[in-house]
Amino acid sequence: MQTEIGTDIAKAKMILERGGLVAIPTETVYGLAANALDPLAVARIFEAKNRPAFDPLIVHISKFKELYKYTSSSLDKLGKIANKFWPGPLTILVPKNDRIPDIVTSGSERVGIRVPGHPLTLELLSTLDFPVAAPSANPFTYISPTTARHVYDQLNGRVDYILDGGPSRVGVESTIVGMEGNEMVVYRKGGLEIEELQAVFEGTIRINDFSDSNPQAPGMLKKHYSPDKRVLLLTDDTRLEECDKDKTGLLRYSSPVTGFSSQFVLSEKADLKEAAARLFEGLRYLDKCPIDTVFIEFVPEAGLGRAINDRLRRTLAEE
Ligand code: TXA
Ligand code: MG
């Protein structure tokens, strides 16, 4: 059966209340949502995405105050940060209480929670009397979706409804943080810049995000965002002189290279925000081109550039 794409919040609500799956727009990427308090509904997410059960899901709530319904802790430091940046591209890992089923956190004692910054989804969440669990709405290890069409292309027939909120404004997933003792730890670099966190958090922030054996974040796998094409890192443009220009695609930061027809420039004005918003679109575009290899290059390692480079590193990873 074909999945309908639309903007009908009442319909999305009804499907979620019946334990179904709805793709929801957020400012970061589209999510594949189900009732977070219903383990059977949550199990359907894992099935639709082919996602292994050891990879936990983020719980989406409509407002900051809801946070205290699902955690067993008082959260002074993380609470302050969340209150400042929500709605927004920030997920906090907090001790969960019994209302959150184990399937959501893959058995972990901590649950990831955020208030997404998208008006349509916030409206939907505020009409529900439960939060939704939602991973990015892509098949496991493939590129995250930033439009309703991307979701449709990959999950048509596996999701009951796609709520269309236009292209995702930020374009990379939320920054994930938690506390370890007095330190704030960043488990995934994302749409909220570390510089912004640093400006508000009084204390040390440690980055612990690119590891294949990270016990705090079992699901933050190295291999991710993987196109079907071979992906190679370009560190020196002279290497392009030898390659077959018809069979090679390029993902460029700001400067195109002449002679390559399969090419995607993230931001001609070298703006990292624009580059982040276009990253997954670019990877998808190149994956559809009639080429066998894609050369990518890193962007400046600052602000959103850190999140972009993190995704590019995972795109390059082989397992
Ligand atoms: O921007 C986002 O965060 C998007 C939108 C839809 O909200 N969601 C998203 O979800 O990116 P997902 O499932 O694709 O990535 C969430 C990551 C996973 O790598 C997972 O392992 C980690 O967050 N995570 C979630 N809950 C966790 C937990 N309780 N403990 C450790 N890691 C967790
Ligand atoms: Mg994902």
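Our subject is the structure listed above.
Analysis parameters
- Along every chain, residues carry numbers that run from 1 in the direction the sequence is written.
- Chain labels run from A onward and ligand labels from 1 onward, assigned in the order the entries are written.
- Totals for whole chains, interfaces and linings use all residues, but because this is a predicted model, local features are given only for residues with pLDDT of at least 70 and pairs of side-chain atoms are given and counted only at 80 or more.
- Just so you know, side-chain values use all the structure's heavy atoms and leave hydrogens and water out.
- A run of H or I in DSSP counts as a helix once it spans at least four residues, and a run of E counts as a strand once it spans at least two, with each numbered from the N terminus.
- In protein, a polar contact means a hydrogen-donor-capable atom and an acceptor-capable atom, both N or O and within 3.5 Å, with residues adjacent in sequence counting only if both atoms are side-chain atoms; elsewhere, any N or O pair within 3.5 Å suffices.
- Relative accessibility under 20% of the residue-type maximum defines a buried residue, over 50% an exposed one, and the middle range a partly exposed one, all with a 1.4 Å probe and only protein chains included.
- Strands are treated as partners if at least two bridges between them are detected by DSSP.
- All axes are obtained by fitting lines to C-alpha atoms, using only the stretch in contact for helices, and the reported angles, taken between N-to-C directions, cover 0 to 180 degrees.
- When checking whether two residues touch, look at their non-hydrogen atoms; a contact exists if any pair is within 4.5 Å.

1. Section: the side chain of S168
By the element assignment, S168 lies in the loop between β8 (161–163) and β9 (175–180). In terms of polar contacts, S168 uses its side chain to reach the backbone carbonyl oxygen of T26, at 3.1 Å.

2. Details of the pairing of strand β3 (residues 31–35)
Along β3, five of the five residues are buried, which leaves the element largely enclosed by surrounding structure. Across three bridges, the pairing between strand β2 (residues 22–24) and β3 is antiparallel. Counted as the bridge partner of A23 is L32 from β3. Taking the residues between adjacent antiparallel strands as the criterion, β2 and β3 are bridged by six residues.

3. As for the sheet that holds strand β13 (residues 248–252)
Reading across from one edge, β12-β15-β13-β14 is the order of the four strands in this open sheet, with parallel pairing throughout. Each of the sheet's edge strands pairs with one partner strand only, and the pair in question is β12 (230–233) and β14 (263–265). Strand after strand, the sheet turns through a mean of 20° between neighbouring axes, direction not considered. Pairing geometry for β12 and strand β15 (residues 293–296), over four bridges, is parallel. Opposite R230, over in β15, you have T293 as the bridge partner. Against the sheet, helix α8 (residues 272–288) contacts β13, β14 and β15, and its axis sits at roughly 175° relative to β14. On the sheet, helix α9 (residues 304–316) packs against β12, β13 and β15 and is oriented at approximately 125° with respect to β12.

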